[in-house]
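Listed here are the chains, written in short residue letters.
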Amino acid sequence: MSKAFASQADLADKKITFEQLSPHCWAYTAEGDPNSGVIIGEKFIMVSDATATPAMARDLIQQIRKVSDKPIKYVLLTHYHAVRVLGASAYAAEGATEIIASRGTYELIVERGAEDMQSEMERFPRLFRGADSVPGLTWPTLVVGDGKPGRQGSLEVDLGGVKVQIWHPGPGHTRGDTIAWVEEEKVLFSGDLVEYEAGVYTGDAQLEEWPATLEALRALKAEYIVPGRGEAMKGNADVNKALDYTQRWVTTLFQAGKEAAAAGMDLKAAMAHTRKSMDPVFGHVFIYEHCLPFDVSRAYDEAKGIKNPRIWTAERDQEMWSALQA
């Protein structure tokens, strides 16, 4: 019997947690489903990662409205993936006037946003409840930086009593990853650059550069982090635990990919080889089986010199899945 494609069989709802981390910062987490972050100032609110659909965004908005009636003026796209950005239109009615993204994220939306939207919706239907409420691709109104890593060209947003710094720290989960950093409260909103006790999706990653980007984040000495998936981490020791977890996934995966490519393995053999090092450490975590085929495909490609990830289409997804299940 063939395994259900990606997460099409994952239909169980997850418990939502909305918790305050610091005077102005909140985490919206969901047992390994995609997280969002919320920063509430005296004048305005910023949401980091918009959720997958406007219908699902309204769940987050409902949580925010329990603690503040301020306008949700800013929506940050930490990267271009549909599951993070397609809910953005719901915030217009809540006062949103700016959708913020890095130069790299904007370029990726242009290059592959439409294909990614179709691909992701078919991979994980539960995360796209109310997909008919999506008006189309989400486009940034404010583009940050010139695509080069680092704080030059960063954006600082004053929400009233709290300032948020936004910049591209380096490639990793994608080539356009963007963070929000509340320096006075030492709270980092990392998007999918960091995960904890959940699958680390690397299908569109820059695996070689990702560890250095994680070290750039470590240098911030955050006391709190809202990762892309997994629980919000409190205290610098636990922040480092999430960074270490992500780094171990990335380095273990890429090493296996390099070994498979050097040995001339085909993709199915590369998958079997990668499982030997990944399964014992990560096999128990949420969406591991969803992520691994896409991750192995990308690690194998990058190890063979394909630096710009090949675009995932719904057709390519199915072809890859079928090849690995054969």
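Criteria and cut-off values
Residues numbered from 1 in each chain as written. Predicted model: local features only at pLDDT ≥ 70, side-chain atom pairs only at ≥ 80, totals over all residues. Heavy atoms only, no water. Axes fitted to C-alpha atoms, helices over the stretch in contact; angles between N-to-C directions. Helix = DSSP H or I, 4+ residues; strand = E, 2+ residues; numbered from the N terminus. Parallel < 35°, antiparallel > 145°, perpendicular 65-115°, else oblique. Left-handed = near helix turned anticlockwise from the far one by under 90°. Contact = heavy atoms within 4.5 Å. Nonpolar A, V, L, I, M, F, W, Y, C, P; charged D, E, K, R; others polar. Salt bridge = Lys/Arg side-chain N within 4 Å of Asp/Glu carboxyl O. Buried < 20%, exposed > 50% of the residue type's maximum accessible area, 1.4 Å probe, protein only. Pairing = 2+ DSSP bridges. 1 Å grid on protein atoms, 1.4 Å probe; cavity = no way out; pocket = protein on both sides within 12 Å on 5 of 7 lines; lining within 4 Å. Points joined across faces, edges and corners; volume = space filled by probe spheres on them.

Caption draft 1: Expanded view of the packing of helix α5 (residues 236–262) against helix α6 (residues 267–282). In contact at an axis separation of 8 Å, α5 and α6 are set at 160° when each is read in the N-to-C sense. Relative to α6, the element α5 lies roughly antiparallel. In the crossing of α5 with α6, the sense of the turn from one axis to the other is right-handed. Contacts between α5 and α6 involve Tyr245, Arg248, Trp249, Thr252, Leu253, Ala256, Glu259 and Ala260 from the former and Ala270, His273, Thr274, Ser277, Met278, Val281 and Phe282 from the latter. In terms of residue class, the contact of α5 with α6 is made up of 9 nonpolar, 4 polar and 2 charged.

Caption draft 2: Broad picture of the pattern of salt bridges. For the structure shown, the criterion picks out 21 salt bridges. Measuring nitrogen to oxygen at the nearest pair gives 2.8 Å for the salt bridge that ties Asp301 to Arg310. For Arg310, a relative accessible area of 42% translates into the label partly exposed. The network of salt bridges with shared partners includes Glu208, Glu209, Arg298, Glu302 and Lys307.

Caption draft 3: The arrangement of the sheet that holds strand β5 (residues 72–76) in detail. An order of β1-β2-β3-β4-β5-β6-β7 is seen for the 7 strands of this open sheet, with the pairing classed as mixed. Unpaired on one side and paired on the other, β1 (17–20) and β7 (142–144) mark the two borders of the sheet. Adjacent strand axes in the sheet meet at a mean angle of 20°, parallel and antiparallel pairs treated alike. Bridge count between strand β4 (residues 45–48) and β5: 4 bridges; the pairing is parallel. Residue pairing across strands places Ile45 opposite Ile72, the latter belonging to β5.

Caption draft 4: Looking closely at empty space enclosed by the protein. In the structure shown here, the tally under the stated rule is 5 cavities of 30 Å³ or more. Empty space within the largest cavity amounts to approximately 200 Å³. Lining the largest cavity are 18 residues, and of these Val83, Glu120, Tyr201, Arg229 and His290 sit closest to its centre. Elements with a contribution of two residues or more to the lining of the largest cavity: α2 (82–85), α3 (103–123) and α7 (288–303). Ranked by residue count, the leading element in the lining of the largest cavity is α3, at 3 residues. Within the lining of the largest cavity, the residues separate by chemical class into 8 nonpolar, 3 polar and 7 charged. In this structure, the second largest cavity occupies an estimated 70 Å³ of space. Lining the second largest cavity are 14 residues; nearest its centre among them are Val144, Gly145, Asp146, Lys148 and His168. Listed by contribution, the elements that provide at least two residues to the lining of the second largest cavity are α3, β8 (150–158) and β9 (163–168). In terms of residues, the lining of the second largest cavity owes the most to one element, β8, which gives 4 residues.

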